[in-house]
Amino acid sequence: MIGDQELDLVLTDLLDLYGYDFTQYAKASLRRRITRLWSLDRFPSFAELRHRLRSDPAYVSRFVAEITVHVTEMFRDPTFYKALRTDVLKTLAAKPFIRIWHAGCSTGEEVYSMAILLSEAQLLAKSLLYATDLNAAVLETARRGIYPLQPMKQYSENYLLSGGTADFSCYYTAQYGHVKFSDELAERMVFSTHNLVSDRSFNEFDLILCRNVLIYFDKTLQDRVLTLFDESLSPLSYLALGSKETLKFSGIEPRYKQLNREKIWRKIG
């Protein structure tokens, strides 16, 4: 396990040399992931790991991919997606155009889930989904829309539990152990790198989803990111967070009302 001083050196190198700012991520989680990578890549010492980071930009890409968390699935937490169907999309339907931001979209499974919801609500044609992540490699997976076939059975069950009534397999084609999701879904998506730590707002949105990302940030960074979202949301728009995340005790809390037991808030002020 690396110590505090070694962790600070790595984080400083990543920021100063490559512009990746992890200094306000939760330290315990970062330490575990860096220690795991040190072991996996068999560095004989911390000095060797640090030298590789400082001298090999290609390795830095792998390093950043490994220490950022990419755990996702389609229709994860089906009751959350059911709430989107019943409590959010019916309201957004009145808008002439719908802009949605998936912040920290990882490999894109939740973006395609949202596109399916919009399609079934007859709203996809007037919607645009902005999908962003710090990691360019996972964004490329999302952009291709190609995933392993194996989890589709679980995804289909999630979809049905979320209120879906179609045959889930109609949204993709399967071949050689993988599936490719419909181009009709993908053509309403815009993929781009975006760093929640340092980048600013880039549009005004009707719905922002950032699920299970804030839990990896310290309190100061959580507040900064929530302020960024607040600046990016139009009046009477929606913010959706992960099951262990909240607006409580944040500076933006007074301007939002939680809709239901799911972590969805509406901007009221």
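Refer to the structure above for everything that follows.
Parameters at a glance
- Residues numbered from 1 in each chain as written.
- Predicted model: local features only at pLDDT ≥ 70, side-chain atom pairs only at ≥ 80, totals over all residues.
- Heavy atoms only, no water.
- Helix = DSSP H or I, 4+ residues; strand = E, 2+ residues; numbered from the N terminus.
- Rg over C-alpha atoms; globule rule 2.2 N^0.38 Å.
- Contact = heavy atoms within 4.5 Å.
- Areas by Shrake-Rupley, 256 points an atom, 1.4 Å probe, with all protein chains shown as cover.
- Lys, Arg positive; Asp, Glu negative; His and termini not counted.
- Charge placed at Lys NZ, Arg CZ, Asp CG, Glu CD.
- Buried < 20%, exposed > 50% of the residue type's maximum accessible area, 1.4 Å probe, protein only.

Draft legend 1. Spotlight on the overall build of the protein. If you tally the helices and strands in the protein, you get 10 helices and 10 strands. A compact globule built from 269 residues would reach a C-alpha radius of gyration of about 18 Å, and the protein, at 19 Å, matches this within 12%. Expressed along its principal axes, the backbone C-alpha trace of the protein runs to roughly 55 × 50 × 30 Å. Contacts in the protein between residues far apart in sequence, at least 24 positions, make up 76% of those at least 6 positions apart. Carbon and sulfur atoms make up 51% of the accessible area of the protein, which totals about 12,900 Å². One way to put it: in the protein the 34 positive side-chain charges average out to a point 4 Å from where the 33 negative ones average out.

Draft legend 2. View of unusual backbone geometry. Positive phi, close to 50°, is recorded for phenylalanine 75, a residue that is not glycine. Here phenylalanine 75 lies in the loop between helix H4 (57–67) and helix H5 (78–92). On the basis of relative accessible area, phenylalanine 75 is assigned to the buried category, the value being 0%. One non-glycine residue, glutamine 122, adopts positive backbone phi at about 60°. On the secondary structure map, glutamine 122 appears in the loop between helix H6 (109–120) and strand E2 (127–133). Given the relative accessible area of 69%, glutamine 122 is considered exposed.

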